[in-house]
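This is what each chain is made of:
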Amino acid sequence: PHCGKFTDDLEWHISQQHDCKCQKCSKTFDSMLKLHQHLRDAHYVGVSTSRPVIEQAERRRAAFTALDSWIADQKEVAQEEQQVVALPTEQVIPTVGKCGECGAKIPVKPQML
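Residues numbered from 1 in each chain as written. Predicted model: local features only at pLDDT ≥ 70, side-chain atom pairs only at ≥ 80, totals over all residues. Heavy atoms only, no water.

Caption draft 1: Main features of the pattern of salt bridges. Summed over all chains, the structure comprises two salt bridges. Here Asp41 ties to Arg40 by a salt bridge, and the two come within 2.8 Å at their closest N and O atoms. Asp41 sits in the partly exposed class, given a relative accessible area of 39%. Residue classification places Arg40 among the partly exposed residues on the basis of a relative accessible area of 39%. One salt bridge in this structure joins Arg61 and Glu58, with 3.9 Å as the shortest N-O distance. Of this pair, Arg61 and Glu58 both sit in helix α3 (residues 51-82), three residues apart, which is roughly one turn of the helix. A relative accessible area of 37% places Arg61 in the partly exposed class. (Salt bridge = Lys/Arg side-chain N within 4 Å of Asp/Glu carboxyl O. Buried < 20%, exposed > 50% of the residue type's maximum accessible area, 1.4 Å probe, protein only. Helix = DSSP H or I, 4+ residues; strand = E, 2+ residues; numbered from the N terminus.)

Here it is, written out as C-alpha cells:
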C-alpha cells in the first residue's frame, strides 16, 4: 500500500520503512531526520516565516530546479553526441591496373568515388 513492495511481514516493513508520515501532505519517510528535513524544506515548519527568509528559500528552490533542468539538458546533449551517424568514408580507386592485352600492371591516375 505504501511503496508496492511485497514482504512476509507487512506490518514490520511499514513500521521500519514508512513510520514517519508528514501530517501536512501524507508523504512517508524512513527516518525522522528525513521527515524533519521535508517539513523544513516543503512546509517551512521550524523556519522563520519572515518574508525575506521565505523569499530566499524560494530563490534557492528555483536555483535547484534550474540546475536540475540544466543537468538533464546536458545528459540529453551527451546522448545525442554519442548517436552521431557515421558518414561513409571516401573510397579511392586503386592506382595500379592491369593491361587488357598482356596482363601487366600499369599505373592509373587515382580518382575519388
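Back to the write-up after that little detour.
Caption draft 2: Examining helix α2 (residues 32-43) more closely. When the terminal C-alpha atoms of α2 are compared, their 15 Å separation across twelve residues agrees well with the 16 Å that a helix rising 1.5 Å per residue should span. Of the positions making up α2, those classed as buried are Leu35, His38 and Leu39. The buried residues of α2 occupy one face: seen down the axis, they fall within an arc of 100°. Looking at the buried side of α2, the elements it contacts are β1 (20-21) and β2 (28-29). (Expected span 1.5 Å × (residues − 1). Arc of directions from axis to C-beta. Contact = heavy atoms within 4.5 Å.)

Caption draft 3: Inspection of the side chain of His38 at higher detail. With respect to the helices, strands and loops of the structure, His38 is situated in helix α2. If sequence neighbours within four positions are ignored, His38 has contacts with Cys22, Cys25, Lys27, Phe29 and His43.

Caption draft 4: Molecular detail of a nonpolar patch on the surface. On the surface, Phe64, Leu67, Trp70 and Ile71 cluster together to form a nonpolar patch covering roughly 420 Å² of accessible area. Take Ile71: its relative accessible area is 35%, and that puts it in the partly exposed class. (Patch = residues over 30% accessible without salt bridge, like charges linked within 9 Å, V, L, I, M, F, W, Y side chains within 5 Å. Areas by Shrake-Rupley, 256 points an atom, 1.4 Å probe, with all protein chains shown as cover.)

Caption draft 5: Broad picture of the confidence of the model for the protein. Chain-level statistics for the protein give a pLDDT mean of 76 and a share of 74% at 70 or above. When pLDDT is averaged over each element of the protein, α2 comes out on top at 84 and helix α1 (residues 10-17) at the bottom at 71. (pLDDT = per-residue confidence, 0-100.)

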